[in-house]
Amino acid sequence: KQWYQRRVRGNLKPLFIEYFENSELEECITAVAKFNIGRENIGDVLTLCVGMALEMNSLKRELCSRLIADMYGRIIEPQFMEDAFVVLLRQIPDLELDNPGAADNVGRFLARAIADDCLPPAFLKRLASYDLDKKSQAAVLHASALLTMKLAMSKISNIWGVDGLERQTTKFYTNKLWFILKEYLKSLELDEVKTSLRELDIPHFHHEVVYEAIVLAMEQRVSEFDKYAQRMIDLLQFLGKASIVSKSQFETGFKRVADDLDDLTLDIPNAISLFSQFCDMCVAQNFMSEETYEKFYPASRGRKRFVSEGDGGKVKTTI
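Below is a short write-up of the structure. (Residues numbered from 1 in each chain as written. Predicted model: local features only at pLDDT ≥ 70, side-chain atom pairs only at ≥ 80, totals over all residues. Heavy atoms only, no water.)

### Quick notes on the overall build of the chain
- For the chain, the count of helices and strands is 17 helices and 0 strands.
- Counting every position in the chain, which comprises 319 residues, the buried fraction comes to 52%.
- Across the chain, contacts joining residues at least 24 apart in sequence account for 75% of those joining residues at least 6 apart.
- Total accessible area on the chain is roughly 15200 Å²; 50% of this is exposed by carbon and sulfur atoms. (Helix = DSSP H or I, 4+ residues; strand = E, 2+ residues; numbered from the N terminus. Buried < 20%, exposed > 50% of the residue type's maximum accessible area, 1.4 Å probe, protein only. Contact = heavy atoms within 4.5 Å. Areas by Shrake-Rupley, 256 points an atom, 1.4 Å probe, with all protein chains shown as cover.)

### Considerations on the packing of helix α13 (residues 207-219) against helix α16 (residues 271-284)
- Relative to each other, α13 and α16 sit at 120°, their axes nearing to 10 Å. Compared by their axis directions, α13 and α16 come out oblique. By crossing handedness, the relation of α13 to α16 is classed as right-handed. For the pair α13 and α16, the contacting residues are Ile 214, Ala 217 and Met 218 in the first and Ala 271, Leu 274, Phe 275 and Phe 278 in the second.
- A per-class count over the contact of α13 with α16 returns 7 nonpolar, no polar and no charged. (Axes fitted to C-alpha atoms, helices over the stretch in contact; angles between N-to-C directions. Parallel < 35°, antiparallel > 145°, perpendicular 65-115°, else oblique. Left-handed = near helix turned anticlockwise from the far one by under 90°. Nonpolar A, V, L, I, M, F, W, Y, C, P; charged D, E, K, R; others polar.)

### Focus on α13
- Under the 1.5 Å per step criterion, the end-to-end length of α13 is 18 Å for 13 residues, consistent within 8% with the ideal 18 Å.
- With 12 of 13 residues buried, α13 is to be regarded as a mostly interior element.
- Those residues of α13 lying buried are His 207, Glu 208, Val 209, Val 210, Tyr 211, Glu 212, Ala 213, Ile 214, Val 215, Leu 216, Ala 217 and Met 218. (Expected span 1.5 Å × (residues − 1).)

### A look at the pattern of salt bridges
- A complete count under the given rule lists 13 salt bridges for this structure.
- Across the pair Glu 96 and Lys 135 runs a salt bridge whose closest N-O atoms are separated by 3.9 Å. Placement of Glu 96 in helix α6 (residues 92-98) and of Lys 135 in helix α9 (residues 134-147) is noted, with a sequence separation of 39 residues between them.
- A salt bridge links Arg 256 to Glu 208, with the nearest nitrogen and oxygen atoms 2.6 Å apart. With Arg 256 in helix α15 (residues 247-264) and Glu 208 in helix α13, this pair connects stretches of sequence that are 48 residues apart.
- Residue class for Arg 256 comes out buried when judged on its relative accessible area of 10%.
- The class of Glu 208 is buried, set by a relative accessible area of 0%. (Salt bridge = Lys/Arg side-chain N within 4 Å of Asp/Glu carboxyl O.)

### Looking at the environment of Gln 230
- Looking at the secondary structure, you find Gln 230 in helix α14 (residues 225-241).
- With relative accessibility at 23%, the residue Gln 230 sits in the partly exposed group.
- It is 8.7 Å that separates the C-alpha atoms of Gln 230 and Ala 217, two residues lying 13 residues apart in sequence.
- If near-sequence neighbours (up to four positions away) are discounted, Gln 230 is found in contact with Met 281 and Gln 285.

### Comments concerning the layout of surface pockets
- The computed volume of the largest pocket comes to approximately 1300 Å³.
- In terms of lining residues, the largest pocket is bounded by 46 residues, among which Asp 117, Pro 120, Tyr 211, Arg 256 and Asp 260 are the most central.
- Counting only elements with at least two residues in the lining of the largest pocket, the list comes to α5 (81-90), α7 (102-115), α8 (122-126), α11 (170-187), α13, α15 and α17 (290-296).
- For the lining of the largest pocket, the element with the highest residue contribution is α15, accounting for 11 residues.
- Considered class by class, the residues forming the lining of the largest pocket number 19 nonpolar, 9 polar and 18 charged. (1 Å grid on protein atoms, 1.4 Å probe; cavity = no way out; pocket = protein on both sides within 12 Å on 5 of 7 lines; lining within 4 Å. Points joined across faces, edges and corners; volume = space filled by probe spheres on them.)

### Thoughts on the packing of aromatic side chains
- Going through the model one piece at a time under the given rule, you end up with 6 aromatic pairs.
- Ring centres of Phe 250 and Phe 287 lie 5.4 Å apart, and the angle between their planes is 90°; on these two criteria the pair is classed as edge-to-face. One end of the pair, Phe 250, is in helix α15; the other, Phe 287, is in the loop between α16 and α17, and 37 residues separate them in sequence.
- Judged by relative accessible area, Phe 287 falls into the buried class, the value being 0%.
- A ring pair is formed by Phe 254 and Phe 278, whose centres lie 6.1 Å apart and whose planes are at 50°; its orientation type is tilted. (Phe/Tyr/Trp six-rings, centres within 6.5 Å; stacked < 30°, edge-to-face > 60°.)

### A closer look at the side chain of Gln 249
- Note that Gln 249 resides in helix α15.
- Those residues in contact with Gln 249 that lie beyond four places of it in its chain are Pro 203, His 204, Phe 205, His 206, His 207 and Val 210.

### Describing unusual backbone geometry
- A positive phi angle is found at Ser 23, which is not glycine, with a value near 65°.
- With respect to the helices and strands, the residue Ser 23 is situated in the loop between α1 (2-22) and α2 (25-33).
- Taking the relative accessible area as the measure of exposure, Ser 23 reaches 36% and is therefore partly exposed.
- The phi torsion at Asn 286 lies on the positive side, around 60°, for a residue other than glycine.
- With respect to the helices, strands and loops of the structure, Asn 286 is situated in the loop between α16 and α17.
- Given the relative accessible area of 37%, Asn 286 is considered partly exposed.

### Here we look at the environment of Asn 11
- Among the structural elements, Asn 11 can be located in helix α1.
- Exposure remark for Asn 11: the relative accessible area of 35% places this residue in the partly exposed category.
- When the C-alpha positions of Asn 11 and Phe 35 are compared, they lie 9.1 Å apart, and in sequence the two are 24 residues distant.

Structure below.
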């Protein structure tokens, strides 16, 4: 393993140096993807990139944050991003040797990853169960403090003070997708959504389409939830049949909502029951299998069923 880590780090370091010099994000992502980095080494890759940025100026740190956001779902599987940051946090004592104040800056990277929707806010609470040293804990506390500021997300999106650079990060695309979905709710033009998604050309980020579609439906007045939920299900089914959104992206989007329910209830008090109803509608319309539903939102969480459970375990279409 150590030999493999040295080999990968040796090959990746020149790629990161080149990226920090030319800012070519897509070129860097394509090059890094060729290494097929596994879960056990992804934390080392994140630590290498952040460690290099810590020795550079604010512009390079901004580029590093953007690279992290773009690696999400492409280089780093969404479910492994937390593991990668745990590795980074545990490396802070070593990073501090060459970069005094690394703990504060790693805290900034952590807060920015949450603001960019690469990590759920609940991750900070889960970190309490990890055996982290004082410097690592300081980074987590700093991230928590940043996220509780007034207008936190707006400030954290420019945490490195580099505002003039064109922003095509996760947050940029999230806003784009949100506007596309809001417009769809008014026009109900399915083909317009398909065209817009093709123009954006971000298949690795289509789980955000699913996530935002579900949350937007849940944000409507309760009396209108069924109507808007049905519109979103119609859209998601259309995108699946048109091969715009893949099965894995559907599953990731639904799982992200399930994982974020505790946070979503802060703004949508009945989020848990609404999400359960949304999923039940999907099952009833043969868009989701009961097995898939159980996979990301097990009955052990206390979910309630609003349609018959008697589907005999039959695998439905799409997801």
